[in-house]
Amino acid sequence: MIYALTVPGPIEDVQEVRVLEWHGVAGQVFAVGELVVELETDKALVEVRAGQPGVLRSVLCGEGDWQALGRPLAILSDTAEEPLPTDTGDLALMAVEFEVS
Amino acid sequence: MARPLRGPGLDSAAGQPTQLLRRMMVIRAFEAALAARPDHGFQLFSAGQEAVAVGLCAALETGDQLLTSGRSIAPALARGLDPGRVMAEILGRVAGPARGKGGRGHLAWPSEGFFGAHAVVGGNLSIAAGVALAFQIEGRRDVVACLFGDGACGAGALHETLNIAALWKLPLVLVCDNNQLSVSTPRSQALAPARLSDLAAPFGIPGATVDGMDVAAVRDAAARFVARARVGDGPALLECVSERFSSHSTATRETRPKDQMAAILARCPIARLAGELQRAGELGSADIAALEGDVAREVALAVAFANASPLPDPAEALTDVG
Amino acid sequence: MSAEPVAGTMKLFFREAIARALREEMQADARVILLGQDVGAFGGSYKEFARLQAQFGPARVRDTPVAEAAMVGLGVGAAAAGLRPLVSITYMDFLMLGLDPLVNYAAKARFKTGGQITVPLVVKTTAGARGQGVAHSQCLEAWMMGVPGLAVVAPSTPADAYGLLKAALRHDGPVLYVDHKRLFPTAGEVPLAETVLPLGRAATRRQGRDVTVVSHSFMTRVALEAAERLATEAISCEVIDLRSLAPLDLDTVASSAARTGALLTLEEGQLTCGIGAEIAFQVREQAGPIRTARVGAAPAPVSSNPVLEHAALPDAERVAAAVRRLLDAPPAERP
C-alpha cells in the first residue's frame with residue numbers, strides 16, 4: 001500500500017513546517033521508531049519517526065521547503081516494488097511518531 | 001588623627017590642597033551669587049557638601065565621566081566646567097552647554113567629562129552603569145563615577161545597579177553624598193541601614209564610609225576606588241557623610257531648628273581646610289584674602305558672562321526633540 | 001542594500017527575520033549589542049536571538065537578571081555613551097518597569113542636553129494576548145506613541161520585522177519596537193537583498209474602494225481576514241498596515257479615507273486614548289469629517305481563560321460586523 005507522510009493538524013498555532021533534514025533517500029527502509037525527517041516549526045524542532053515499517057519512495061518537499069500541516073511531505077510504501085500512483089492526492093496516511101524539542 | 005593634606009599618587013595640581021580649597025570657595029561663592037538674584041529659579045544648592053564634589057573630582061582623570069543627581073552645581077564646577085557657561089545654563093541662556101534647555105537639573109557637558117545631571121532621584125544610576133558598560137566593551141581604561149544622595153538609597157534603582165555592576169565588574173564608582181536628609185526626612189526614618197556603604201556588602205563589592213566634610217578624606221577614598229575600577233577590578237560604593245547647610249531647595253522651607261543649624265554650620269568644609277592649611281603654615285591670612293578676592297572675581301566674570309547671553313528663541317522649544 | 005524589497009525572496013519564520021536583522025547589523029557595526037533575559041545561550045524566548053551569542057560573543061550578547069528598570073537604563077547609558085544597544089523586554093507588560101529611563105532620560109536626552117547626547121537605543125518587546133493572563137497579554141503601544149523623542153514601530157510580517165528592526169538599529173534616537181506573540185508562528189517572504197525600511201511609512205496591504213481599515217501588528221492579519229470575508233459580500237476593503245506608530249504616516253491613511261469615505265481603526269489595545277482615537281482625530285483634521293468607527297479590546301483585563309480571552313479581543317467576524325455597521329450608517333455630515 002502507498003502512504004503519504006504528513007504532519008497532521010491541528011497543532012496549536014502551527015500553520016506550516018519547514019523541512020530541516022531527511023534521514024534517508026529513496027529506496028531506504030525504515031523500521032518502527034527510526035527517524036525519517038526533522039522538521040522546524042516556529043517554536044520547535046519536530047522529529048518524525050516511522051510508526052509503521054515502510055520504504056521511502058519519493059521526497060515531495062526537499063530540505064528548506066515549506067509545507068502546510070496535513071499536506072504530504074513524502075511517499076512511502078509497504079514494499080519497494082509497488083507502482084506509485086500518478087495522483088498523490090487522497091493517499092492513506094502513514095503512521096508516525098513525533099518528538100518535539 | 002589628622003589626615004595628610006597631600007594625597008598619595010595624585011600628581012596633578014588639581015588634587016593639591018590649595019586647589020581643593022579654591023574649588024570649594026568658587027562653588028560657595030557661585031551659589032551665593034545665584035541665590036542673591038531675583039531670577040534664581042528652582043535651585044538645589046550644595047553649601048556644606050562642597051568637599052564631596054571637590055574630593056571626588058580630584059580623583060577623576062580627563063577621560064572619566066561623572067553623572068550626578070539634580071544637585072549638580074557643585075559637581076559641575078568641581079569637574080572644572082567653565083563657571084560662566086554653567087551660570088548661563090542655570091539661568092536658561094543660550095551660552096549654556098545645552099543652550100539653556102536643561103538647566104541645573106539636567107546640566108551636561110560630556111565633552112568636558114561631565115556626562116550630566118538627571119533630576120530624577122536615582123534616575124542616573126543605571127544610566128551610569130550603561131556608560132560604564134560601553135567603556136568596558138570598548139576596552140577603555142576610563143571610569144564612570146555617579147553621585148547621588150541618601151534619598152536615592154531606598155528605591156530599587158540603586159540595588160539593581162549594584163547587582164549588575166558587581167556581576168559584570170563594571171568600571172563604576174557609586175558615590176553617595178549622604179547629607180542625612182531626604183528633603184525633610186532624616187536618614188533614620190527612610191533607610192534601615194545606618195551605614196549606607198553596607199549596601200555594597202550583599203553584592204560582594206567594596207564599600208567605604210568617610211567624613212564628607214573632609215575633602216582630603218573624600219579624595220583619597222575616591223582615588224582608591226577609581227584606581228581599582230580603572231584596572232578592571234570592578235565597582236565600589238563610597239559613602240560620604242555630609243551636612244546640608246540650606247533647605248533641600250529654594251522652594252523648600254528649612255525644617256531644622258536654629259540651634260541644630262548652628263552646630264551644622266560650624267562644620268564648614270571650607271573653613272576646616274583653610275584652618276588646616278593655615279595651621280600647617282601652607283597659607284597665611286593674606287593668602288586666604290587673596291584667594292577670596294580671586295574667587296569673587298571669577299564668580300563676577302561668570303555672572304557677567306551669563307547676563308550677557310540671551311534667552312533662547314521660543315522656536316527652540318521644538319528643536320532637538322529627536 | 002535598497003529601501004524597497006527587490007525580486008528574490010526567501011520564506012522565514014518571524015523569529016528568523018528578527019535574528020537575521022540583528023546578525024546583519026551586528027556584523028556591520030561593532031557598536032550593536034544585545035541585552036535581555038535569556039538572550040544568550042537560550043537564544044531568546046522565541047528563539048529570535050538564536051546563535052547570536054555564539055557568533056558575536058558574551059561581551060556583546062549578554063543575559064541580564066530580571067530587572068527591567070536596570071536593563072533599560074543600561075541600554076540608555078550605553079547608547080548615550082556611543083554604543084547601539086538592543087534591549088529585549090520579553091513581555092510588553094513589564095516595559096512599564098523600564099519607563100523611567102526610557103521616557104525620562106532616553107526620550108529627553110537630546111533635548112535636555114541641547115543635542116550633546118543622543119540615545120540610539122532599541123527596546124524590543126512582545127505584546128499581545130495568547131493565553132497567558134492579565135499581566136502577560138497587554139498591548140500598550142498607545143501609551144508610548146505620544147512621547148516626544150520616542151519612535152514606535154510595529155511589524156506585522158517577517159519582512160517588516162526584518163526591515164523595521166534594521167531601521168530601528170540605525171536610527172539616531174530611541175525606538176520602541178513592538179512585535180506580537182501571535183506573529184511568531186507565522187512565516188513570510190523576506191527579501192534576499194539587505195533591506196532597510198523607512199520609519200514613518202505605512203503599507204497598503206490590500207486595495208479597496210468602500211472602506212479604509214487601519215491597523216498594525218497582529219491585528220493587520222485579522223483585518224485582512226475580515227476583508228476576505230467582506231469581499232464575498234461585495235464590500236471592498238482597503239487595509240492599511242501602519243508599521244510605524246510614531247512617526248505616524250497620516251498622509252497614507254487620510255488620503256485613503258478621503259477616497260473610500262469610511263474609516264475603521266482596529267487595535268488589540270484599549271480604545272480609550274487608543275491609536276484609533278488618535279488616527280480618527282488626525283484624519284479629521286487633515287481630510288475633514290469622514291464616517292469613522294473604532295474596534296479594540298473590551299474595557300477589561302484579558303484573562304488567560306480561553307473563553308474570556310476570545311470574548312475580550314477583536315476577531316475577523318467582529319471586525320466585519322463593525323464594517324457593515326459603519327457602512328450602513330449615514331455618511332458624516334460636512335460643515
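Residues numbered from 1 in each chain as written. Chains lettered and ligands numbered in written order. Predicted model: local features only at pLDDT ≥ 70, side-chain atom pairs only at ≥ 80, totals over all residues.

Draft legend 1. Representation of the overall build of chain C in the model. For chain C, the helix and strand inventory stands at 11 helices and 14 strands. In terms of C-alpha radius of gyration, chain C reaches 20 Å, essentially the compact-globule figure of 20 Å for 335 residues. Considered along the principal axes of its C-alpha atoms, chain C spans approximately 60 × 45 × 40 Å. The buried share of chain C, taken over its 335 residues, is 56%. (Helix = DSSP H or I, 4+ residues; strand = E, 2+ residues; numbered from the N terminus. Rg over C-alpha atoms; globule rule 2.2 N^0.38 Å. Buried ≥ 20, exposed ≤ 12 C-beta atoms within 10 Å, placed from the backbone.)

Draft legend 2. Summary view of the overall build of chain B. A tally of regular secondary structure across chain B gives 11 helices and eight strands. Seen through its principal axes, chain B has C-alpha atoms that stretch 55 × 50 × 40 Å. Put simply, chain B has 322 residues, and 53% of those count as buried. Put simply, of all contacts in chain B between residues at least 6 apart along the chain, 75% involve residues at least 24 apart. (Contact = placed C-beta atoms within 7 Å.)

Draft legend 3. Examining the nonpolar core more closely. Of all hydrophobic cores here, the largest spans 206 residues; its most connected members are Leu56, Cys146, Leu172, Val173, Val175 and Ala222 of chain B. Dropping the residues within four chain positions of it, Leu56 of chain B is found in contact with Ala145, Leu147, Val175, Val218 and Ala222 of chain B. Judged by nonpolar contacts, the second largest core, of 17 residues, contains Tyr3, Val19, Leu56 and Ala74 of chain A. (Core = buried A, V, L, I, M, F, W, Y, C linked by C-beta atoms within 7 Å.)

Draft legend 4. Region of the structure containing the packing of helix H1 (residues 14-28) of chain C against helix H6 (residues 158-170) of chain C. Residue and element names in this part refer to chain C. Between H1 and H6, the shortest axis-to-axis distance is 8 Å and the interhelical angle comes to 30°. It follows that H1 is roughly parallel to H6 by the angle criterion. Regarding H1 and H6, the two cross each other, and that crossing is right-handed. Facing Phe14, Ala17, Ile18, Arg20, Ala21, Leu22, Glu24 and Glu25 of H1, the residues of H6 in contact are Pro158, Ala159, Ala161, Tyr162, Leu165, Lys166 and Leu169. A per-class count over the contact of H1 with H6 returns 11 nonpolar, no polar and four charged. (Axes fitted to C-alpha atoms, helices over the stretch in contact; angles between N-to-C directions. Parallel < 35°, antiparallel > 145°, perpendicular 65-115°, else oblique. Left-handed = near helix turned anticlockwise from the far one by under 90°. Nonpolar A, V, L, I, M, F, W, Y, C, P; charged D, E, K, R; others polar.)

Draft legend 5. Layout of the domain arrangement of chain C. All names here are of chain C. Per the domain assignment, the segments of chain C are domain 1 (9-191) and domain 2 (203-328). The centre of domain 1, based on its C-alpha atoms, is set 26 Å off from the matching centre of domain 2. Between domain 1 and domain 2, the residue contacts involve 26 residues of the former and 24 residues of the latter. Going through the elements one at a time, helix H5 (141-144), strand E6 (151-153), H6 and strand E7 (175-180) are the ones with two or more residues in the side of domain 1 that touches domain 2. Looking at the side of domain 1 that touches domain 2 element by element, the count peaks at three residues for E6. (Domains from an automatic or database assignment.)

Draft legend 6. The arrangement of the interface of chain C and chain B in detail. With 33 residues of chain C at the contact, the number on the chain B side is 31 residues. Listing elements by their share of the side of chain C that touches chain B, those giving two or more residues are helix H3 (68-80) and helix H4 (99-112) of chain C.

Draft legend 7. Fine view of the confidence of the model for chain C. Averaged over chain C, the pLDDT score is 96; the fraction of residues at 70 or greater is 97%. Contacts for the low-pLDDT stretch residues 1-6 of chain C, under 50 throughout, to residues beyond four places or in other chains number 11 contacts. (pLDDT = per-residue confidence, 0-100.)

Draft legend 8. Broad picture of the sheet that holds strand E1 (residues 2-6) of chain A. Residue and element names in this part refer to chain A. One open sheet accounts for five strands, arranged E3-E6-E8-E1-E9; its pairing is mixed. Edge positions in the sheet fall to strand E3 (29-30) and strand E9 (92-93), since each of these pairs with one other strand and no more. By the bridge criterion, four bridges tie strand E6 (residues 54-59) to strand E8 (residues 72-77) in an arrangement that is antiparallel. Looking at the pairing, Leu56 lines up with Leu76 of E8. (Pairing = 2+ DSSP bridges.)

Draft legend 9. Local environment of the sheet that holds strand E8 (residues 236-241) of chain B. Residue and element names in this part refer to chain B. Pairing is parallel across the open sheet formed by six strands, whose spatial order is E2-E1-E3-E4-E8-E7. Whereas interior strands pair on both sides, the edge strands pair on one side only; in this sheet they are strand E2 (114-117) and strand E7 (207-211). Strand-to-strand twist across the sheet, computed as the mean angle between neighbouring axes with direction ignored, equals 15°. Sheet topology note: the strand E1 (residues 65-68)/strand E3 (residues 144-149) ladder contains three bridges and is parallel. Residue Gln65 lies in a different strand from E3, and its bridge partner there is Val144. Along the sheet, helix H8 (residues 215-230) contacts strand E4 (172-178), E7 and E8; its crossing angle with E8, the most-contacted strand, is approximately 170°.

Draft legend 10. Spotlight on the interface of chain A and chain C. At the interface, six residues of chain A touch seven residues of chain C. Its residues assigned to classes, the side of chain A that touches chain C shows two nonpolar, one polar and three charged.

Draft legend 11. Expanded view of H6 of chain C. Its 13 residues place the ends of H6 of chain C 19 Å apart at the C-alpha level, agreeing with the 18 Å of an ideal helix rising 1.5 Å per residue. Taken across its 13 residues, H6 of chain C has 12 buried, putting it largely inside the fold. (Expected span 1.5 Å × (residues − 1).)

Draft legend 12. The arrangement of the pairing of E8 of chain B in detail. Residue and element names in this part refer to chain B. A large share of E8 lies buried, amounting to six of its six residues. Where E4 lies against E8, six bridges are found, and the strand directions are parallel. Paired with Leu174 across the bridge in E8 is Leu237. The pairing of E7 with E8 spans five bridges and is parallel.

Draft legend 13. The environment of Gly163 of chain C, seen in detail. Residues and elements named next belong to chain C. Within the secondary structure, Gly163 sits in helix H6. Remark: the alpha-carbon pair of Gly163 and Leu199, spanning 36 residues in sequence, is separated by 9.7 Å. Beyond its immediate stretch of four places on either side in the chain, Gly163 contacts Thr195, Val196 and Leu197.

Draft legend 14. Examining unusual backbone geometry more closely. All names here are of chain C. The linkage connecting Ala246 with the following residue, Pro247, adopts the cis geometry, with an omega of 0°. The topology assignment puts Pro247 in the loop between strand E12 (244-246) and helix H8 (250-260). You will see that Lys47, though not glycine, has its phi angle at about 60°, which is positive. Structurally, Lys47 can be placed in the loop between strand E2 (32-36) and helix H2 (52-56). Classification of Lys47 by C-beta neighbours within 10 Å gives partly exposed; the count is 19.

Draft legend 15. Fine view of the packing of helix H1 (residues 17-35) of chain B against helix H2 (residues 50-58) of chain B. All names here are of chain B. Viewed as axis vectors pointing N to C, H1 and H2 meet at an angle of 135°, and their least axial separation amounts to 9 Å. The pairing of H1 with H2 is recorded here as oblique in orientation. Two packed elements cross with a definite hand, and for H1 against H2 that hand is right-handed. In this structure, H1 uses Leu20, Arg23, Met24, Ile27 and Arg28 to contact H2, whose residues at the interface are Glu50, Ala51, Val54 and Ala58. In the contact of H1 with H2, the residues fall into six nonpolar, no polar and three charged.

Draft legend 16. A look at the pairing of strand E13 (residues 262-266) of chain C. All names here are of chain C. When you tally the buried positions in E13, you get five out of five residues, the bulk of the element. Burial along E13 is two-sided: the residues Ala262, Leu264 and Leu266 and Leu263 and Thr265 are all buried. Where strand E10 (residues 211-215) meets E13, three bridges bridge the pair, whose relative direction is parallel. Within the sheet, the bridge partner assigned to Thr212 lies in E13 and is Leu263. Pairing of E13 with strand E14 (residues 291-295), which is carried by five bridges, proceeds in the parallel orientation. Residue pairing in the sheet places Leu264 in a bridge with Ala293 of E14.

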